[in-house]
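# Architecture at a glance
Okay, here's what each chain looks like letter by letter:
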Amino acid sequence: MNQPRALVVDDEPDIRELIEITLERMDVATTAVANLDDAYTAARQSAFNLCLTDMRLPDGNGIDLIRHMHQHHPGVPVAMITAHGNMSSAIEALKAGAFDFVSKPVDLQVLRKLVSTALKLGDRAATSNRTLIGNAASMQNVRNTIAKLARSQAPVYVSGESGTGKELVARMIHEQGPRADQPFVPVNCGAIPEELMESELFGHKKGSFTGAISDKLGLFQAADGGTLFLDEVADLPFGMQVKMLRAIQEKCVRPVGVEREVAVDVRILSASHKDLDALVKQGHFRQDLYYRLNVINLHVPALRERREDIIVLSEHIFERLAAEGSGDRPVLSERAIEALERYGFPGNVRELENILERAMTLCEGNVIDVHDLALLDEGDGEKHDGGPYIPSDALDAVLESVEKETILNALKQSRWNKTAAAKLLGISFGALRYRMQKLGLD
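Quick look at the structure, then. Computed from a prediction, not measured in an experiment: that's the story for all the values here.

### Focus on the packing of helix α2 (residues 36-45) against helix α3 (residues 62-72)
With their axes 11 Å apart at the nearest point, α2 and α3 run at an angle of 20° to one another. By the angle between their axes, α2 is roughly parallel relative to α3. Classified by chirality, the crossing of α3 by α2 is right-handed. Together, Leu36, Ala39, Tyr40 and Ala43 of α2 and Asp64, Leu65, His68 and Met69 of α3 make up the contact between the two elements. For the contact of α2 with α3, the per-class residue count stands at 6 nonpolar, 1 polar and 1 charged.

### Focus on the packing of aromatic side chains
Considering all chains together, one arrives at 4 aromatic pairs under this definition. Seen from their ring centres, Phe184 and Phe229 are 6.0 Å apart, and the 25° between their planes marks the pair as stacked. Here the residue Phe184 occupies a position in strand β9 (residues 184-188), and Phe229 occupies one in strand β12 (residues 227-231), the gap between them amounting to 45 residues. In this pair, the class of Phe184 matches that of Phe229, namely buried.

### Side note on the packing of helix α6 (residues 137-149) against helix α7 (residues 166-175)
As a packed pair, α6 and α7 sit with axes 8 Å apart at the nearest point and diverge in direction by 40°. One element, α6, and the other, α7, form an angle in the oblique class. Crossing of α6 against α7: the hand is right-handed. The segment α6 lies against α7, with Val142, Ile146 and Leu149 engaging Val169, Met172 and Ile173. A breakdown of the residues in the contact of α6 with α7 according to their chemical character gives 6 nonpolar, no polar and no charged.

### Details of unusual backbone geometry
Omega for the peptide link from Lys104 to Pro105 comes to -10°, which places this bond in the cis form. The residue Pro105 is located in the loop between β7 (100-103) and α5 (108-123) in this model. A positive phi angle, close to 65°, is found at Trp416, a residue other than glycine. Turning to its location among the elements, Trp416 is positioned in the loop between α17 (395-413) and α18 (418-425).

### As for the sheet that holds β7
The pairing of strands in a sheet happens through backbone hydrogen bonds and is either parallel or antiparallel. Strand order across the open sheet formed by 5 strands is β2-β1-β3-β6-β7, with parallel pairing between neighbours. Each of the sheet's edge strands pairs with one partner strand only, and the pair in question is β2 (29-33) and β7. On average, each strand axis in the sheet is tilted by 20° relative to the strand beside it, whichever way the strands run. In terms of strand pairing, strand β3 (residues 50-54) meets strand β6 (residues 78-82) through 4 bridges, oriented parallel. Bridge pairing in β6 places Asp54 opposite Ile81. Helix-sheet contacts for helix α1 (residues 13-25) involve β1 (5-9), β2, β3 and β6, and the interaxial angle to β2 is about 170°.

### A few points about the pattern of salt bridges
Scanning the entire structure with this criterion turns up 19 salt bridges. The residue Asp100 makes a salt bridge to Lys251 at a minimum N-O spacing of 3.8 Å. Taken as a pair, Asp100 in strand β7 and Lys251 in the loop between α10 (238-250) and β13 (252-253) lie far apart in primary sequence, 151 residues in all. For Asp100, a relative accessible area of 10% corresponds to the buried category. With its nearest N and O atoms 3.8 Å apart, the salt bridge here joins Asp369 to Arg335. Remark: Arg335 occurs in helix α14 (residues 334-342) and Asp369 occurs in the loop between β18 (367-368) and α16 (370-373); sequence separation between them is 34 residues. One continuous salt-bridge network, built from bridges that share partners, spans Asp10, Glu12, Asp54 and Lys104.

### What to know about the environment of Gly60
Looking at the secondary structure, you find Gly60 in strand β5 (residues 60-61). The spatial distance from the C-alpha of Gly60 to the C-alpha of Asp37 is 9.2 Å, given a sequence separation of 23 residues. For Gly60, the residues in contact, after removing those within four places along its chain, are Leu36 and Met55.

Definitions and cut-offs
- Residues numbered from 1 in each chain as written.
- Predicted model: local features only at pLDDT ≥ 70, side-chain atom pairs only at ≥ 80, totals over all residues.
- Heavy atoms only, no water.
- Axes fitted to C-alpha atoms, helices over the stretch in contact; angles between N-to-C directions.
- Helix = DSSP H or I, 4+ residues; strand = E, 2+ residues; numbered from the N terminus.
- Parallel < 35°, antiparallel > 145°, perpendicular 65-115°, else oblique.
- Left-handed = near helix turned anticlockwise from the far one by under 90°.
- Contact = heavy atoms within 4.5 Å.
- Nonpolar A, V, L, I, M, F, W, Y, C, P; charged D, E, K, R; others polar.
- Phe/Tyr/Trp six-rings, centres within 6.5 Å; stacked < 30°, edge-to-face > 60°.
- Buried < 20%, exposed > 50% of the residue type's maximum accessible area, 1.4 Å probe, protein only.
- Pairing = 2+ DSSP bridges.
- Salt bridge = Lys/Arg side-chain N within 4 Å of Asp/Glu carboxyl O.

Spelled out as structure tokens, the structure:
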């Protein structure tokens with residue numbers, strides 16, 4: 001393997017020397033220059049795997065170099081060296097396309113981790129085990145953006161309605177990036193009780209509070225070296241937002257009951273189905289934390305905004321369910337296809353999955369017709385079959401209740417003979433067993 005090379009741009013000789021020595025000990029060859037003009041010349045004459053640049057330079061600033069490298073040498077990650085505490089400069093650099101940043105005085109451990117992560121970009125093919133299904137232009141744009149964001153360490157805020165696949169997007173950013181072999185730790189900020197949130201996120205020391213019977217590693221530390229995904233970040237209590245901001249900015253946490261802070265190296269991705277900008281204006285979410293999380297915004301479109309993908313998604317869902325043992329792969333009738341393409345899907349892709357899974361389990365034979373879908377008509381507030389309107393947030397519970405009742409009735413009619421019950425339901429024995437296990441009936 002060829003020795004990796006780094007371009008170092010800083011007008012302070014001491015900083016250049018410190019970085020050169022550190023990188024040479026990592027077996028990284030360096031070319032160090034003091035200004036933009038020399039940096040442009042060096043980049044033309046040699047190939048580099050990484051660029052480190054100061055923000056303030058005699059003939060311009062590091063943002064100019066970031067843009068130049070993106071235009072003329074797009075495969076080279078550029079990291080910014082910023083003044084201590086100057087987060088506005090760091091965020092400006094990240095928005096301009098910087099891979100990451102390091103503050104002065106340069107912490108050598110932080111620098112070494114940054115360099116190691118950056119160099120992995122060249123060794124890793126941008127592949128992922130997951131993908132977003134859909135041929136709509138909006139989804140192609142999302143996939144292209146994910147590939148670009150995977151090469152950066154900038155915080156990304158994933159916006160979109162519930163059920164659109166925001167966590168999947170976050171996982172793809174992680175899997176296509178240099179941290180892919182490190183943990184991806186998802187956190188549902190709305191599911192953690194407020195009194196336990198600090199302990200869950202930052203950890204605690206044994207005996208630090210009632211119930212702390214042993215030391216506990218926090219989720220920040222569990223994600224060290226990898227990615228921390230803060231789902232439903234809008235639900236963070238206001239008091240916890242201050243501590244979250246400090247943890248992100250200082251790249252360290254203080255477990256409950258511990259005096260010293262612990263350094264952590266995590267990439268922060270976050271998401272919410274709520275309008276975070278509106279919450280900031282209403283005073284319910286800290287503006288400084290919002291700007292720190294929302295360095296780059298990636299919006300995931302609602303399913304009704306890409307109706308051409310509904311049938312493609314349906315085919316993919318059927319293939320997955322059949323592979324999981326939910327029965328033979330069914331087909332949609334023409335009427336069912338037309339109904340799905342007209343439907344508004346307030347619950348987005350997640351709702352489509354629930355509708356198809358239920359229909360696949362309960363339909364007679366191998367063809368799913370419109371009545372098997374039991375779609376809600378948002379226009380007149382009634383079901384297509386004339387039944388009562390069900391709020392979208394209660395859809396999952398209602399579908400599960402109906403499915404459970406249907407299976408129980410079939411079991412009672414067959415005197416709890418599962419083979420006979422499966423025949424009554426028009427599904428395979430394996431599919432019935434799978435559904436019973438999922439519904440807690442087995």
